[in-house]
Structures are given as structure tokens and as C-alpha cells.
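Residues per chain are reported as follows:
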Amino acid sequence: MNKEVRVRFAPSPTGPLHIGGLRTALFNYLFAKKHGGKFVLRIEDTDQSRYVEGAENYIKETLAWSNIPYDEGPEKGGNYGPYRQSERHNLYGQYAEQLIASGNAYYAFDTPETLDFYRKDHETKGKTFIYNWHNRLKLKNSLSLSPEEVQQRMQAGEAYVIRFKSPQDKQLLLKDIVRGEITIDTNILDDKILFKSDGMPTYHLANVVDDHLMEISHVIRGEEWLPSLALHHLLYEAFSWEKPVFAHLPLILKPTGKGKLSKRDGEKGGFPVFPLSWEDAVGYREAGYFPEAVVNFLAFLGWNPGTEQELFTMETLVTHFSLERVNKSGARFDPEKTNWYNHQWLQQKGNRELTQLFMPVLEGKGLIPSVITHEFVEKVISLIKERANFVKDFWELGSYFFVSPTTYAEKARKKQWKEDTADIMQQLTVVLQSIDDFSSISVETSIKNWIGEQEFSFGKVMPPLRLSVVGDLKGPHLFDIMALIGQQECLKRIRNAISVL
Ligand code: GLU
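Residues numbered from 1 in each chain as written. Predicted model: local features only at pLDDT ≥ 70, side-chain atom pairs only at ≥ 80, totals over all residues. Heavy atoms only, no water.

**Looking at the overall build of the protein chain**
To keep things clear, this is the line we draw: By definition, any uninterrupted DSSP run of H or I lasting at least four residues is a helix, any uninterrupted run of E lasting at least two residues is a strand, and each is numbered from the N terminus. Restricting the calculation to C-alpha atoms gives the radius of gyration, and the globule rule supplies 2.2 Å times the number of residues raised to the power 0.38. Buried, partly exposed and exposed residues are distinguished by accessible area as a fraction of the type maximum, computed with a 1.4 Å probe on protein chains only: under 20%, between the cut-offs, and over 50%, respectively. We get accessible surface area from the Shrake-Rupley algorithm with a probe of 1.4 Å; when it comes to residues, only the shown protein chains can shield them. His is not counted, nor are the chain ends, whereas Lys and Arg count as positive and Asp and Glu as negative. We put the charge of a Lys on NZ, of an Arg on CZ, of an Asp on CG and of a Glu on CD.
The number of helices and strands found in the protein chain is 20 helices and 11 strands. A compact globule built from 501 residues should have a C-alpha radius of gyration of about 23 Å, whereas the protein chain, at 33 Å, is more than 25% larger. Counting only residues that meet the buried cut, the protein chain has 50% of its 501 residues in that class. When the accessible surface of the protein chain is summed, it comes to about 24100 Å², and 50% of that surface belongs to carbon and sulfur atoms. Each charge sign in the protein chain was given a centre, from 60 positive and 65 negative side chains, and these centres are 3 Å apart.

Laid out in C-alpha cells, this is it:
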């Protein structure tokens, strides 16, 4: 690539970012970093009616949490600012006028009521109203009205918009890295509004003007923008500007594979669709996912490295990423797989870091940090982490390390606690008391030797012992658990089981 790579993520602050939006940001970032280019954040907030308070912050916080830093953007600055379209609004009018002057756009005076009337009228006839070459001369605009009337209307302060004059009878050849070549018949295009009566540009004009002014080399965005590509292509031609390279990322599909993944799917399936919580919707961050896992699974929604490797850090993604390996077809979202990724990333984390994260959970359970040492928690985590997907699973998997069992699994009790068990356990306490070095290996040796001497079967001793210590038949290597909770605690638990069971 000879030109400097400059890509942008251009969200509209209309609400929380869907994970699809975050994927768009990620793919832009990966592409920029791969090519030593720049990743720009541009806030597209020209549609005041859809503006939502807090949404811009949400976007920035999401990018920060996901470790996707931008090189230029609002507050951050850069040579192509401002990066918020509302702060650039004075800039767009001249470009709309330029298109009028070159005959590529026109003023239109049709009121929303009139247009609405046409729309409804068409609907009742089973047709769709399209404002374009086939009817524009019958509507109220600077192509159909005399220059004098246009002037008069403007001077009288009548509201007007500026529309793009889509060409008639032309075949457009659009290029997209992901989709290949697409041919479009311009006769199906409508004359989109570029500039609104409130003095603000529409998305199309502002987006194309800014991509040009910000010297964006590649436009990487979601497939929902593919229908806009023809107009954008025509705008570049009308301005005689060099076009960026386009890449439209495939849709993220529902777990069933049918239709676009929506907020409702998340509610139904009990999984997040937003990176961070928003109102009553729980986000990936709050649900306990690691940002590394989220980035990793998002990368695989529409892209693959072409190998078996599934675990990627941001750095390795940068190395392996290419737009050529982005799929055309929709990417089915699999909530199970997101948990698998979190599981994998949890295994990569050091026990010290996991302890930091788990400590607040323990405090929430009323366990006092001065009594429970970090060292102890780290050891617990080392024993149970391989079965955990989330930090919050540690409690479920290992609460018995912290509190002695008060109840015992019913089924296990029935099956494993026999008539002579209490007596055997009683004898075992004597054995345990005599152990000086209460390490896992010496506890194991002592118990096994004793079982051998007594000619007991393992099945007679081990399950009830586990039941006494853990309260259930689950958990890691029993001798590891015993060594960790200590001699006195083990004796206490066994005695308690004898009296309760
Ligand atoms: N503002 C558009 C959005 O919200 C940007 C689309 C584009 O990247 O061109 O997604």
C-alpha cells in the first residue's frame, strides 16, 4: 500500500454500541495497526433528533475497556479535527452548494406532508414512492420550477432540502474488498437528501465529505451500509475525489443463524449484546467477560486466520488480520463459544490477578480479607480455575474452601454414608491427628497406608471423607483440598459430619 492507511470508526451516538459496532471498531483498528496506519474515531452526530445523552461516552469507554485506542478523535485531537460532526456543521453547506453548481444536486421544496401523501398513496396501490428521475420533474424542486420561483421561495423563507440528482440509465460498478464487484442500475436509486432544512447535512453528505477531508484510505463498516455504497460512489465521482477502498463486514446473525442479532435475542437467550451495561441490559464487562475474550470472539465473527488457531491476543490479531480473509456470509453468533473464549482467557490469567478480581466477591460473602489471605485464595484458585469460565464461578466451585459445609449432598449421603462409616471416620481422625507435616502428599501417603493396613476398600473411605470435607462428592484432588484448609479444619469437618450424618 503506497498511501498512508487511515481508517475511521464513525458511530452515531444514538444509544449503546451493539457488539457489531465494536467489531467494526476492532477490524478498523487491526487493519490500521497491521499497516502502520492511523485509526480515527469520528462521532457522527448530525442527526440531533436521534442524539442520546451519554452515548458518546459509552463509545469511548467501550473502546478503552476493549483496549482499542484511537490515534485521533474528539478530545484526543489530531490534524484533521474536529472529530465530532456537530462541531463541523458549518463546513458541509459549501459542499452541497458545490454539487448544485455542478448540476449534481438540486433544491427541493416538497413539504413533508406532500411527500407523506405520495408515500401513502403509493402504498395503497401496492407501490413504493421513490423520488428520482422518473418523477422529479413533477415535484417541487429547482429542476422543475423556474429559477425565479426558486429564488422567490427561498427569499420567502420557505423550507427546502438539497437532494442528490442520481443519474439515469447508468450501470455502476462498485468495488468492495469483501463482496467483490457489484453492479447497480442507477434507475433504482432515489434522490437522497444531502442537506436538511434544519441546516444540517445528512449522514451521506457528512460521511463522504469527512472521509475525504480526513484522508480516509479504507472505509470498513457494517453490511447495513452496503445499500449506501452506490450513492457514496456517485458522490465521490460528482466531487471528482479519489474514492477510498470499501469493505463491508458481514452481519452478525442470531444464534439460530436467521436474521440479525438483536437486543431481544440477548434478553431471550440470557447473553449480553452490548459491551458495557446500558440501562437494564447487562454488558459483557459487567457479566464478567474479559476484554481479551470479547476481542477474541469478535475477531472470529466474520474473519478467520485460515488455520486451526483460535486464541489470539490483540498483537497476534494485528499480525494475522487481513480484509481478504473476511467472509461474505453472515457470522452466526454462538453464546456458548463466547463462554469458551472466556474460559480460555481465564486459564491464561495469573492466579494473582484472578485473586484480585475474586477478593471483592469473597468480601461480598462476608469473608474478611484480613482472615483470608491472598496467598490462600491464590492456592484455591489454582485448584479450581480449570473448571471455571468466569471469576464469579470460583465461589460456586470452591465455597467449601472458605466455609465448612453445613449441609451434605443428599444423594451422595444416601449412597456413601453407611452404617459403619461413622466408625471408620472416627478412626481416621486419629490417623489425621498424628500427621506432622500436613502436606497433600503426606496426607495422601498416611491415609493410603492406613487404608492398606486396615484392608479397607478405597470406596469405603474416600467418598465419605470427601463428603465430610466438601459437603459433596465434587471438587479437585481431595488431599490438595485437605492440605490447603489444614489439619484442624479437616478434623472439625469430619467430626461435624459424624455428628450430623
Ligand atoms: N454513522 C454511521 C454509523 O452509525 C457510520 C457508517 C459508516 O461507517 O459509514 O454506523
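**Examining the site of the ligand**
Our working definition: It suffices for a single heavy atom of a residue to lie within 4 Å of a molecule or strand for the residue to be listed as near it. Pairs of N or O atoms within 3.5 Å make up the polar contacts considered here, provided that, within protein, one atom can donate a hydrogen while the other can accept it, and that residues adjacent in sequence are counted only when both atoms are side-chain atoms.
Arg8, Ala10, Pro11, Ser12, Glu44, Tyr203, Asn207, Arg221 and Trp225 make up every residue found near the ligand. The separation between an oxygen atom of the ligand and a polar side-chain atom of Arg8 is 2.7 Å. Arg221 is positioned with one of its side-chain polar atoms (N or O) 2.8 Å from an oxygen atom of the ligand. Here the ligand loses 85% of its free accessible area of 300 Å² to cover by the protein chains.

**Overview of helix H13 (residues 374-384)**
Residue pairs spaced three or four apart in an α-helix point in one direction, given the helix's 3.6 residues per turn. What counts here: Relevant arc is that of directions from the helix axis to the C-beta atoms, nothing else. The contact rule is simple, with two residues in contact once any of their heavy atoms fall within 4.5 Å.
For H13, the complete set of buried residues consists of Phe376, Val377, Val380, Ile381 and Ile384. On an axial view of H13, the arc spanned by its buried residues comes to 135°, and they lie on one face. Contacts from the buried residues of H13 go to helix H12 (351-364), helix H14 (393-398) and helix H19 (478-485).

**Brief notes about empty space enclosed by the protein**
Which entries qualify depends on this criterion: With a 1 Å grid laid over protein atoms only, a set of points is called a cavity when a 1.4 Å probe fits there but cannot get out and a pocket when it is open yet has protein on both sides within 12 Å along at least five of seven lines; lining residues have an atom within 4 Å of a point. Grid points are joined across faces, edges and corners, and a volume is the space filled by probe spheres set on the points. Only Asp, Glu, Lys and Arg are considered charged, only Ala, Val, Leu, Ile, Met, Phe, Trp, Tyr, Cys and Pro nonpolar, and every remaining residue, Gly among them, polar.
Counted under the stated rule, the structure contains one cavity of 30 Å³ or more. In this model, the largest cavity occupies a volume close to 40 Å³. The wall of the largest cavity is formed by Gln416, Lys418, Asp420, Thr421, Ile424, Gly459 and Lys460. A breakdown of the residues in the lining of the largest cavity according to their chemical character gives one nonpolar, three polar and three charged.

**Thoughts on the layout of surface pockets**
By volume, the largest pocket amounts to about 950 Å³. Pro11, Ser12, Thr14, Glu224 and Trp225 are the residues nearest the centre of the largest pocket, which is lined by 40 residues in total. The set of elements that each furnish at least two residues to the lining of the largest pocket consists of strand S1 (6-9), helix H1 (19-34), helix H6 (203-213) and strand S8 (218-222). Taken as a whole, the second largest pocket holds about 240 Å³ of empty space. As for the second largest pocket, its lining consists of 14 residues, of which Asp110, Thr111, Pro112, Leu115 and Val161 are closest to the centre. Looking at the lining of the second largest pocket, the elements that each hand over two or more residues are helix H4 (112-124) and strand S4 (161-164). At three residues, H4 tops the list of elements feeding residues into the lining of the second largest pocket. For the lining of the second largest pocket, the per-class residue count stands at eight nonpolar, two polar and four charged.

**Some points on the nonpolar core**
A general tendency of soluble globular proteins is for nonpolar side chains to be buried together. As a reminder of what qualifies: Nonpolar cores are built from buried Ala, Val, Leu, Ile, Met, Phe, Trp, Tyr and Cys residues. Side-chain atoms within 4.5 Å join them into one set.
Ranked by size, the top nonpolar core spans 109 residues in total, and within it Phe401, Phe402, Leu432, Ile447, Leu465 and Met482 carry the most contacts. In terms of residues, this core owes the most to one element, H1, which gives nine residues. By size, the runner-up hydrophobic cluster in this structure holds 38 residues, among which are Tyr92, Leu174, Met214 and Ala238.

**A look at the packing of H1 against helix H9 (residues 291-299)**
Here is the rule we go by: Angles here are taken between N-to-C directions and fall from 0 to 180 degrees, while the axes themselves are lines fitted to C-alpha atoms, restricted in helices to the stretch in contact. For classification purposes, angles smaller than 35 degrees are called roughly parallel, those larger than 145 roughly antiparallel, those between 65 and 115 roughly perpendicular, and all remaining angles oblique.
Here H1 crosses H9 at 85°, and the two axes come no closer than 10 Å. With respect to H9, the axis of H1 lies roughly perpendicular. For the pair H1 and H9, the contacting residues are Ile19, Leu22, Arg23, Leu26 and Phe27 in the first and Val294, Val295, Phe297, Leu298 and Ala299 in the second.

**Some thoughts on the pairing of S8**
In regular strands, side chains alternate between the two faces of the sheet. What counts, and what does not: By the convention used here, strands pair only if DSSP detects at least 2 bridges between them.
Most of S8 sits out of view: five of its five residues are buried. Pairing between S8 and strand S9 (residues 245-249): five bridges, direction parallel. By the bridge assignment, His218 is partnered in S9 with Val245.

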